[in-house]
Amino acid sequence: MSAVLAVTAKELREMIRDGNTLLYTLLFPVVFYPFIIWGVFQLALLEEGLAEAQPPRVVYEGPPDVADVVLAPPVEAVQGDELAVRRGQADAVVVAATVGGAVHVDIAHQSTLARSVRTVDTLSERLDASRGERTRQLAVEAGLEEDALDAWTLEEEDVAPKERALAHGLSLVLPAMTLMVATIAAMYPAVDVVVGEKERGTVETTLVAAAPRMALVTGKLVAVVAVVLVALLGNLLATGLCIAQGLTMVRGEAFGSFFVLTQGAVAVGLVTLTMTVLLVASVMVLVALPAKSFKEAQNLATAAVFVIGLLAMASSLPLSRLDASTAFVPVMNLGLVLREALDGRIHAGWTAAVLLESAALSGAALWAGLRIAQSEAYLFRGQVPRWLGWIARLGGAT
Amino acid sequence: MIEVDRLVKRFYTPQEVVAVDRVSFRCEPGQVFGLLGPNGAGKTTTLRMLVTLLTPDEGSVRLAGHDVTTDPARARAAVGYLATTTGLYGRLTPRELLRYFGRLQGVEAPDERAEALLERFDIGSFADRPCERLSTGMKQKVSIARALVHEPPILILDEPTNGLDVLVAQTLLAFIEEARDEGRCVLFSTHIMSEAERLCDRIAILHAGRILANGTLEELREQTSEHYLERIFVRFVEQSQADGR
């Protein structure tokens with residue numbers, strides 16, 4: 001045990017002194033990624049401000065009573081035709097005509113311009129409201145009930161608690177993102193602690209030490225887990241703060257009024273995150289062990305990132321649920337546990353199964369890594385196993 | 001004590017290459033044993049089997065009474081090993097490195113042991129500088145100190161003066177003599193004849209994976225009627241080629 005701690009402490013000390021590890025493993029997840037989210041909110045606010053500062057420019061042709069609706073402030077009437085919309089000189093062309101007592105309104109816009117799309121939304125909303133008002137007016141004039149001419153009336157009611165809405169929205173995105181951040185954060189330190197020993201020529205003297213190889217591999221894994229866990233928790237904290245700040249600005253109300261996490265969800269989330277980090281770190285250490293150079297290890301690790309990424313994204317599919325069909329799909333099941341915890345639905349049985357399976361997979365990866373570390377090929381690649389040599393000679397190799 | 005008996009190692013690349021072929025020798029405490037041979041003779045492979053980095057295909061190795069195949073942990077604990085490269089962790093300081101290896105080797109008071117080695121090898125002035133910023137000579141001193149951190153009865157050195165300038169090499173050769181005087185069993189490989197002549201109590205001449213001769217320098221001189229080790233070496237190789245081995 002003391003050898004494991006010695007290796008872990010040494011690896012952490014080396015990581016802290018390495019600029020690349022600090023950059024890719026700590027600085028990016030804790031500062032850069034949340035900064036991007038903060039930037040997105042700032043852009044959204046900027047866009048909203050711009051929209052307010054730029055009134056819709058509409059070319060109108062039609063009866064005056066419809067013009068009152070279409071060109072009401074802040075809409076600005078401009079001259080031109082469809083060409084003006086194509087050129088961006090106007091945001092929409094509205095042509096209204098009375099056909100058999102009903103008013104037909106034709107709106108031309110350009111869907112590739114955000115300002116034009118916003119203008120159409122504004123106009124549609126106004127015209128819908130005006131149509132409803134006109135229909136009710138006609139019904140009253142005909143001596144009918146106010147809504148007698150409506151084919152039906154529709155009223156929507158969202159019974160979901162207001163404070164759960166954001167958590168649900170985040171549950172569709174955050175788990176997959178978290179899995180990816182953990183995987184990417186684990187990649188560099190895993191490659192560094194494993195292949196760095198070979199490239200820097202320290203592996204021989206280390207393996208000759210009395211400490212068992214199990215202690216060496218485990219110590220390295222624990223170091224990677226520790227640094228990735230710090231990076232991931234830092235990332236989630238910073239991301240959470242950015243989202244809270246951004247949404248508070250956008251909505252103009254306190255974050256706590258529209259976001260609540262139960263203690264159970266927090267506990268399940270923390271355990272699941274720890275297990276996620278253990279699994280991805282084990283896989284990264286395992287794929288780095290057979291490599292003889294940084295480049296080779298990065299190639300292998302990139303393939304692993306791709307596979308983990310696909311499984312992580314599968315947990316974000318709208319219809320994905322944590323059940324018998326998904327509970328044993330590695331990585332995806334961890335994403336689903338996180339997703340359901342965020343959404344306030346915790347299935348104790350499936351959650352336990354997922355955590356146990358992930359622990360077993362991490363153990364298997366560690367065991368396989370140890371087997372590689374104990375083999376001669378770990379140190380001296382270029383040789384092939386004896387049985388392969390026999391087959392090659394049977395095939396005529398000299 | 002080192003006891004090597006009919007050691008064999010084959011590599012498959014994919015054709016079979018016998019890198020070490022029935023090599024046997026013994027090295028006693030307080031003795032320097034030189035494994036002399038050109039590049040590719042099998043010296044490094046032999047030493048790697050001794051320190052458990054490679055597994056022998058045949059034969060046996062016992063270090064301080066522990067078999068490297070059946071009891072590798074205890075065998076390793078008996079050995080201080082200097083590889084062809086100094087192999088220091090560049091981001092650690094010599095002090096941290098010695099403490100770390102002390103812990104890996106199971107030394108009871110690793111910090112105190114590290115301080116003692118820093119003083120013995122005069123490393124104090126650069127003990128807190130990252131190893132990547134040390135000169136070759138400084139690195140070699142740290143590397144030697146690391147090999148001794150657990151006070152092993154056996155020292156195995158693989159071409160220890162390779163790539164060193166004359167002054168640093170002299171420091172290392174003086175260290176080997178010192179280790180012998182302390183009663184350690186020292187095995188080192190080299191292709192530099194003068195080093196073997198100066199240091200070795202016994203010499204084994206290794207060529208193409210096989211030991212052609214094994215004895216004291218005087219015994220080898222008597223067998224070949226040659227005085228200089230370089231000539232002795234050539235005679236054994238020529239005789240081996242003439243015998244078709």
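Residues numbered from 1 in each chain as written. Chains lettered and ligands numbered in written order. Predicted model: local features only at pLDDT ≥ 70, side-chain atom pairs only at ≥ 80, totals over all residues.

## What about the overall build of chain B?
Tallying secondary structure elements over chain B gives nine helices and 10 strands in all. In terms of overall dimensions, chain B is globule-like: its C-alpha atoms have a radius of gyration of 18 Å, near the 18 Å expected for 245 residues. Taken across its 245 residues, chain B has 49% of its residues classed as buried. Expressed as a percentage of contacts within chain B between residues at least 6 apart in sequence, the contacts between residues at least 24 apart total 66%. (Helix = DSSP H or I, 4+ residues; strand = E, 2+ residues; numbered from the N terminus. Rg over C-alpha atoms; globule rule 2.2 N^0.38 Å. Buried ≥ 20, exposed ≤ 12 C-beta atoms within 10 Å, placed from the backbone. Contact = placed C-beta atoms within 7 Å.)

## Focus on the domain arrangement of chain A
Taken as a whole, chain A is organised into domain 1 (2–42 + 162–394) and domain 2 (55–141). Here the C-alpha centre of domain 2 of chain A lies 53 Å away from the C-alpha centre of domain 1 of chain A. (Domains from an automatic or database assignment.)

## Observations concerning the pairing of strand S3 (residues 92–99) of chain A
Residues and elements named next belong to chain A. Across four bridges, strand S1 (residues 57–61) lies against S3 in parallel orientation. In the sheet register, Glu 61 faces S3, and the bridge partner there is Val 95. In this antiparallel pair of consecutive strands, S3 and strand S4 (residues 102–109), the connection spans two residues, and Gly 100 shows a positive phi of 60 degrees. (Pairing = 2+ DSSP bridges.)

## Topic: unusual backbone geometry
Going from Pro 73 of chain A to Pro 74 of chain A, the amide bond is cis rather than trans, its omega being 10 degrees. One non-glycine residue, Val 331 of chain A, lies in positive phi territory at about 70 degrees. On the secondary structure map, Val 331 of chain A appears in the loop between helix H11 (294–314) and helix H12 (332–342). The buried category is assigned to Val 331 of chain A, around which 26 C-beta atoms lie within 10 Å. One non-glycine residue, Ala 64 of chain B, lies in the positive phi region at around 50 degrees. In this structure, Ala 64 of chain B sits in the loop between strand S4 (58–63) and strand S5 (66–67).

## Focus on the interface of chain A and chain B
At the junction of the two partners, chain A supplies 31 residues and chain B supplies 30 residues. Mapped by element, the contributors of at least two residues to the side of chain A that touches chain B are helix H1 (2–16), helix H8 (203–207), helix H14 (376–379) and helix H15 (386–394) of chain A. Of all the elements, H1 of chain A adds the most residues to the side of chain A that touches chain B, at six residues. Classifying every residue of the side of chain A that touches chain B by side-chain character gives 13 nonpolar, eight polar and 10 charged. (Nonpolar A, V, L, I, M, F, W, Y, C, P; charged D, E, K, R; others polar.)

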